[in-house]
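# Notes for the structure review
Take a look at the letters that make up each chain.
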Amino acid sequence: EHGRVVNLRGINLGGSSKIPTNTTTNWLDAKTTTFVNRPFPISEASLHFERIRACGFTIIRFIVTWEAIEHEGPGIYDHEYIKYVRAILEKANEYNIQIYIDPHQDVWSRWTGGDG
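Below, the structure is looked at part by part. (Residues numbered from 1 in each chain as written. Predicted model: local features only at pLDDT ≥ 70, side-chain atom pairs only at ≥ 80, totals over all residues. Heavy atoms only, no water.)

## Some thoughts on the nonpolar core
Ranked by internal contacts, the top residues of the largest apolar core, which has 20 residues, are F49, I60, F62, Y81, Y84 and I88. Secondary-structure elements contributing two or more residues to this core are α1 (45–54), β2 (59–65), α2 (66–70) and α3 (79–94). In contact with F49, other than residues within four places in its own chain, are F40, I60, I88, K91, A92, Y95 and I97. (Core = buried A, V, L, I, M, F, W, Y, C linked by side-chain atoms within 4.5 Å. Buried < 20%, exposed > 50% of the residue type's maximum accessible area, 1.4 Å probe, protein only. Helix = DSSP H or I, 4+ residues; strand = E, 2+ residues; numbered from the N terminus. Contact = heavy atoms within 4.5 Å.)

Listed below in structure tokens is the structure:
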């Protein structure tokens with residue numbers, strides 16, 4: 001109607017986001033599984049976002065698997081992971097990078113034949 005066009009230059013961020021970060025411990029235990037720091041630790045976010053922005057990218061596809069949020073089971077939320085995602089969003093905003101949160105659902109989790 002107004003003839004406006006939006007051009008987005010984006011990348012996929014999250015090739016490792018479907019795998020828990022604590023793979024050196026008992027990552028098969030749903031109670032101790034964590035996805036905090038996937039795809040990278042918040043301490044490294046500035047470096048990554050600086051590079052992403054320097055390459056001219058303006059938007060990121062950020063994969064969030066359901067298992068990352070409810071790995072202990074339905075209704076049991078990983079609040080530390082949710083805090084991590086929020087911190088990533090806030091850091092990206094500092095670099096004027098938009099994030100599309102992809103609620104990735106290949107199937108519920110690694111345990112039901114899917115990977116996210």
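## Remarks on the sheet that holds strand β1 (residues 10–13)
Here three strands make up an open sheet; going across it, the order is β1-β2-β3 and the pairing parallel. Strands at the two margins of the open sheet, each flanked by one partner only, are β1 and β3 (98–104). Mean inter-strand twist for the sheet, computed between neighbouring axes without regard to direction, equals 25 degrees. In this structure, β2 lies alongside β3, joined through seven bridges in parallel fashion. Bridged to R61 within β3 is Y100. Most of the contacts of α3 go to β2, to which it runs at about 180 degrees, and overall it touches β2 and β3. (Pairing = 2+ DSSP bridges. Axes fitted to C-alpha atoms, helices over the stretch in contact; angles between N-to-C directions.)

## Observations regarding the packing of α1 against α3
The N-to-C vectors of α1 and α3 enclose an angle of 45 degrees; their axes lie 10 Å apart at closest approach. With respect to each other, α1 and α3 are oriented oblique. When the axes of α1 and α3 are compared, the crossing they make is right-handed. Contacts from A45, S46 and F49 of α1 reach α3 at I88, K91 and A92. (Parallel < 35°, antiparallel > 145°, perpendicular 65-115°, else oblique. Left-handed = near helix turned anticlockwise from the far one by under 90°.)

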